[in-house]
Amino acid sequence: MQHIKNQSLLSFMATAPESAVAVSNPATGEIVGHAPISDESALMGSIERAHVAQKEWAKLPAKTRSNILHRWFELLLENKEDLARIMTLEQGKPLAEAQGEVLYGASFIEWFAEEAKRSYGDTVPGPTADKRVVTIKQPIGVACAITPWNFPIAMITRKAGPALAAGCSFVVKPSDSTPLSAFATAELAYQAGVPRDVLQVVLGESSRKIGAIFTSHPLIRKLSFTGSTQVGSVLMAQCANDIKRTSMELGGNAPFIVFDDADIDAAVQGALASKFRNAGQTCVCANRFYVHSSVYDEFVSKFDAAVQTLKVGNGVEEGVTIGPVINEAAKQGIQAIIDRAIEQGAQPVTELKILDGLFMQPVVLKNVKHTMDIVQEEIFGPVAPVISFETDEELIEMANDTIYGLASYFYSQNIHRVWKVAEALEYGMVGINEGIISTEVAPFGGVKQSGIGREGAKLGMDEYMDVKYLCFGGM
Ligand code: SIN
């Protein structure tokens, strides 16, 4: 791989066994690297080593784990440009956005380096004169994770950070489409002092097989998954067999609402950021826009004008703001959603161009009705359907009319409406006059079929710890 200054990030490629997955660049189709695959017995060995190593890792003082994580954070920053280039080459997002993801990913390691020292228990007034009650928090044990291709670093660090801070060992299976970023990120963890058996990146012969091993192996006590609701529900069912803890960060269908009292220019900027981040391939991307009828035309024309300024292309090129989508199946799926919406009466505001390869022209669709299929589907691509509404009551009903409940957004300047709407939206996260809500300091997660558990924030480590209650009697 060219233009990577710190070649130690790619050391896993030199040691790759016979069996390796070839990783291609979605912008060009070229093979950019290979990542090692473990067979079943190697995977079993990994889990057993993670189990042994966890005991020693958990015994370290929290401050020692914190210092190691802090060093990992620093190394991520020092290697920001190389990591971003690796990411762009395998995932497609523009370099500037990839650099943003490295910082975002690193922020979870910094945050949990700090939180490692703060996993406090409680002292509780005893129920009788002779009893004292105390709670302590302890690491779950071996935690594993399955992470997606859309954020090849941040979705790993958001899970590995709290797991390692808590004293768990952590085995992660990244997406087969973007494993190079995962291995490179782990390499920096080893350089920072994380033992190799405490943090392991593994790929298998098939994702289904690894899922089956992760969910059935008796030494694994926790599975954290980011991906589709469909796969999440299968993994949860498998984890039910021996009552493994799960965290699920699943699909979304985020409404983006513009009220008649909104600052329209601010709403357009928020819409652009929320919808087109990562070419529309995030589970918190605005998926459907509801705009009050009195400002519909103004919003649609300003939004479309802003969308026309986006530059589609290879993410390594200067000025590109939208990279390719991840693969041919994704492109076909998004195109089918657009075609069906147009058949059902939606209209592209500016004529839609069909681009070569995995590139897609971002498009704003007007005259969309809440009853159209596009409103119920997670688009995961650069398509913005805009629906008109009349009353707040009708709006809330439409916004909540989905199986999902991850992110939602609205723009309004009326404080009474802001409170009422924020409370009425059935979502885990609400952006109010803001299109980008992801940050390590806030709890990320959904309600309904968008998932269970929270990542980041002060809640993040609880997902990797058990609470134990100590009852002192005969006092
Ligand atoms: C995701 O799309 O899964 C995560 C997006 C984010 O963290 O902002």
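Residues numbered from 1 in each chain as written. Predicted model: local features only at pLDDT ≥ 70, side-chain atom pairs only at ≥ 80, totals over all residues. Heavy atoms only, no water.

An unreviewed UniProt entry lists the chain under the name NAD-dependent succinate-semialdehyde dehydrogenase, from Vibrio gelatinilyticus. For the chain, the Sequence similarities (unreviewed entry) comment in UniProt is given as "Belongs to the aldehyde dehydrogenase family." (UniProt positions renumbered as here; feature names shortened; annotations may be inferred.)

S.K.: Even after reading the chapter, I still don't get the overall build of the chain, so can you show me in this structure?
M.R.: Counting its secondary structure elements, the chain contains 14 helices and 18 strands. Computed over the C-alpha atoms, the radius of gyration of the chain is 23 Å, within 12% of the 23 Å expected from 2.2 N^0.38 for a compact globule of 475 residues. Dimensions of the chain, computed from the C-alpha atoms along their principal axes, are close to 70 × 65 × 40 Å. The buried share among the 475 residues of the chain stands at 55%. Of the contacts made within the chain by residues no fewer than 6 positions apart, 72% connect residues no fewer than 24 positions apart. Taken as two groups, the 41 positive and 55 negative side-chain charges of the chain have centres that lie 7 Å from each other. (Helix = DSSP H or I, 4+ residues; strand = E, 2+ residues; numbered from the N terminus. Rg over C-alpha atoms; globule rule 2.2 N^0.38 Å. Buried < 20%, exposed > 50% of the residue type's maximum accessible area, 1.4 Å probe, protein only. Contact = heavy atoms within 4.5 Å. Lys, Arg positive; Asp, Glu negative; His and termini not counted. Charge placed at Lys NZ, Arg CZ, Asp CG, Glu CD.)

S.K.: Looking at this structure, how should I read the pattern of salt bridges?
M.R.: Any two side chains of opposite charge can pair, given that their charged atoms come close. Under the definition given, this model contains 24 salt bridges. Its salt-bridge partner being Asp197, residue Arg49 comes within 3.1 Å of it at the nearest N-O pair. Taken together, the positions of Arg49 in helix α2 (residues 40-59) and Asp197 in the loop between α7 (179-192) and β7 (199-201) put the pair 148 residues apart, joining distant regions of the chain. A relative accessible area of 39% places Arg49 in the partly exposed class. The partner of Glu187 in a salt bridge is Arg196, with the nearest N and O atoms 3.5 Å apart. With a relative accessible area of 11%, Glu187 lands in the buried category. Among the charged side chains, a salt-bridge network with shared partners connects Arg158, Lys159, Glu249 and Glu455. (Salt bridge = Lys/Arg side-chain N within 4 Å of Asp/Glu carboxyl O.)

S.K.: Can you help me understand the packing of helix α8 (residues 207-216) against helix α9 (residues 229-240) in this one?
M.R.: Relative placement of two packed helices is described by the angle separating their axes and the distance separating the axes. One way to put it is that α8 packs onto α9 with a least axis distance of 8 Å and a crossing angle of 35°. Crossing geometry of α8 relative to α9 is assigned as right-handed. Residues Gly211, Ala212 and Thr215 of α8 form the contact with α9, whose participating residues are Leu235, Gln238 and Cys239. Here the contact of α8 with α9 is composed, by residue class, of three nonpolar, three polar and no charged. (Axes fitted to C-alpha atoms, helices over the stretch in contact; angles between N-to-C directions. Left-handed = near helix turned anticlockwise from the far one by under 90°. Nonpolar A, V, L, I, M, F, W, Y, C, P; charged D, E, K, R; others polar.)

S.K.: Any chance you could explain the packing of aromatic side chains here in plain terms?
M.R.: Aromatic ring pairs are defined here through the distance separating the ring centres and the angle between the ring planes. Taken as a whole and assessed by the stated rule, the structure comprises 12 aromatic pairs. Ring geometry for Phe289 versus Phe303: centroids 5.2 Å apart, planes at 50°, classification tilted. With Phe289 in strand β11 (residues 286-292) and Phe303 in helix α11 (residues 296-308), this pair connects stretches of sequence that are 14 residues apart. Neither Phe289 nor Phe303 differs from the other in exposure class; each is buried. Among the aromatic residues, ring-to-ring pairing joins Phe256, Phe276, Phe289, Phe299, Phe303, Tyr409 and Tyr411 into one connected group. The ring of Phe444 carries the charged tip of Arg158 above its face, separated from the ring centre by 3.8 Å. The ring of Tyr464 is capped by Lys222, whose NZ or CZ atom sits 4.9 Å from the centre of that ring. (Phe/Tyr/Trp six-rings, centres within 6.5 Å; stacked < 30°, edge-to-face > 60°. Lys NZ or Arg CZ within 6 Å of the ring centre and 35° of its normal.)

S.K.: Teacher, can you tell me more about the sheet that holds strand β12 (residues 347-348) here?
M.R.: Whenever strands of a sheet pair, they do so through backbone hydrogen bonds, lying parallel or antiparallel. Taking strand neighbours across the sheet as the criterion, the seven strands line up as β12-β13-β14-β11-β10-β15-β16 in an open arrangement whose pairing is mixed. The open sheet has two free edges, formed respectively by β12 and β16 (429-432), since each of these has just one partner strand. The pairing of strand β15 (residues 407-411) with β16 spans four bridges and is parallel. The partner of Phe410 across the bridge, within β16, is Ile432. Helix-sheet contacts for helix α13 (residues 392-399) involve β10 (254-258), β11 and β14 (383-389), and the interaxial angle to β11 is about 170°. (Pairing = 2+ DSSP bridges.)

S.K.: Where do I start with the site of the ligand in this structure?
M.R.: Within the structure, the ligand sits among 13 residues, and Tyr104, Arg158, Arg277, Cys283 and Ser438 are positioned closest to it. Interatomic distance of 2.7 Å between a side-chain N/O atom of Tyr104 and an oxygen atom of the ligand. For the ligand, an oxygen atom lies 3.3 Å from a polar atom in the side chain of Glu249. Taking 250 Å² as the accessible area of the ligand by itself, protein coverage stands at 100%. For the shell around the ligand, a count of residues per class yields six nonpolar, four polar and three charged. A domain-level breakdown of the shell around the ligand finds at least three residues from each of domain 1 (7-251 + 449-471) and domain 2 (254-401 + 407-440). (Near = heavy atom within 4 Å. Polar contact = N/O pair within 3.5 Å; in protein donor to acceptor, adjacent residues only side chain to side chain. Areas by Shrake-Rupley, 256 points an atom, 1.4 Å probe, with all protein chains shown as cover. Domains from an automatic or database assignment.)

S.K.: Help me out: how do you make sense of the sheet that holds strand β5 (residues 142-146) in this one?
M.R.: The strand order across the open sheet built from six strands is β7-β6-β5-β8-β9-β17, with neighbouring strands paired in mixed fashion. Two strands close off the open sheet at either side, each with one partner strand: β7 and β17 (451-452). As defined by bridge partners, β5 adjoins strand β8 (residues 220-226) across five bridges and the pair is classed as parallel. Within β8, the residue paired with Ile146 across the bridge is Phe225.

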